Amino acid sequence: MRQAYQEQLSTIGDDLVAMTRLVGSAMNRATQALLDADLQLAESVIRADEDIDALNAEVEERCF
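Residues numbered from 1 in each chain as written. Predicted model: local features only at pLDDT ≥ 70, side-chain atom pairs only at ≥ 80, totals over all residues. Heavy atoms only, no water.

## Examining the overall build of the protein
Short version of the rule: Runs of H or I in DSSP of at least four residues are treated as helices and runs of E of at least two as strands, each being numbered from the N terminus. Radius of gyration here is computed from C-alpha atoms only, and the compact-globule reference equals 2.2 Å multiplied by the residue count raised to the power 0.38. Note on exposure labels: buried denotes an accessible area under 20% of the residue type's maximum, exposed denotes more than 50%, and partly exposed covers the range between, all computed with a 1.4 Å probe on protein chains only. Computed with a 1.4 Å probe, the accessible areas rest on the Shrake-Rupley method; for each residue, only the protein chains presented here act as cover. His is not counted, nor are the chain ends; Lys and Arg add positive charge and Asp and Glu add negative charge. Positions of charges follow a simple convention, taking NZ of Lys, CZ of Arg, CG of Asp or CD of Glu.
Scanning the protein from terminus to terminus reveals two helices and zero strands. Here the C-alpha atoms of the protein give a radius of gyration of 15 Å, more than 25% beyond the 11 Å that 2.2 N^0.38 yields for 64 residues. When the backbone C-alpha atoms are referred to their principal axes, the protein occupies close to 55 × 15 × 10 Å. When each of the 64 residues of the protein is scored for burial, the buried share is 16%. Surface exposure of the protein reaches about 5200 Å², of which carbon and sulfur atoms provide 57%. Each charge sign in the protein was given a centre, from 5 positive and 13 negative side chains, and these centres are 7 Å apart.

## Side note on unusual backbone geometry
Notably, A37 is not glycine yet its phi reads approximately 55°, a positive angle. Along the chain, A37 falls in the loop between α1 (2-36) and α2 (39-63).

## Topic: the pattern of salt bridges
In plain terms, the rule: A pairing counts as a salt bridge when a side-chain nitrogen of Lys or Arg comes within 4 Å of a carboxyl oxygen of Asp or Glu.
Across all of its chains, the model carries two salt bridges by this definition. Of the charged contacts, one joins D15 and R62 as a salt bridge, the two residues approaching to 2.2 Å between their closest N and O atoms. Of this pair, D15 sits in helix α1 while R62 sits in helix α2; the two residues are 47 residues apart in sequence, bridging distant segments of the chain. Among the salt bridges present, the one from E58 reaches R62, with a minimum N-O distance of 3.3 Å. Of this pair, E58 and R62 both sit in helix α2, four residues apart, roughly one helical turn. Through salt bridges with shared partners, a single ionic network connects D15, E58 and R62.

## Looking at α1
Keep this limit in mind: Multiplying one less than the number of residues by 1.5 Å gives the expected span of a helix. Contact between two residues is taken to exist if any of their heavy atoms lie within 4.5 Å; hydrogens are not considered.
Look at α1: 51 Å from first C-alpha to last across 35 residues, which is about the 51 Å you get at 1.5 Å a residue. All of the buried residues along α1 are I12, D15, M19, A26 and A33. On its buried side, α1 packs onto α2.

## Focus on α2
So the rule is basically this: Counting of polar contacts relies on pairs of N or O atoms within 3.5 Å, with two restrictions inside protein: one atom must be capable of donating a hydrogen and the other of accepting it, and residues adjacent in sequence are counted only when both atoms are side-chain atoms.
For α2, spanning 25 residues, the distance from its first C-alpha to its last is 36 Å, which sits close to the expected 36 Å at 1.5 Å a residue. At its buried positions, α2 is contacted by α1. One side-chain oxygen of the residue at the start of α2 lies 3.2 Å from the amide nitrogen of Q40, identifying that residue as D38.

Have a look at this one:
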């Protein structure tokens, strides 16, 4: 039981790290889109936000 809990906790931690990397990348790309007035890049950041939201929902569900 304890081993399964530790594995689940580790998986959640790994997913949180992945999510922070995705968010960091999105912030960098959004900043670049703003500075360059690049509408296509801005739209790609917005589309990619769905992946971050999905990962967030998944992690949140597993935490509960």
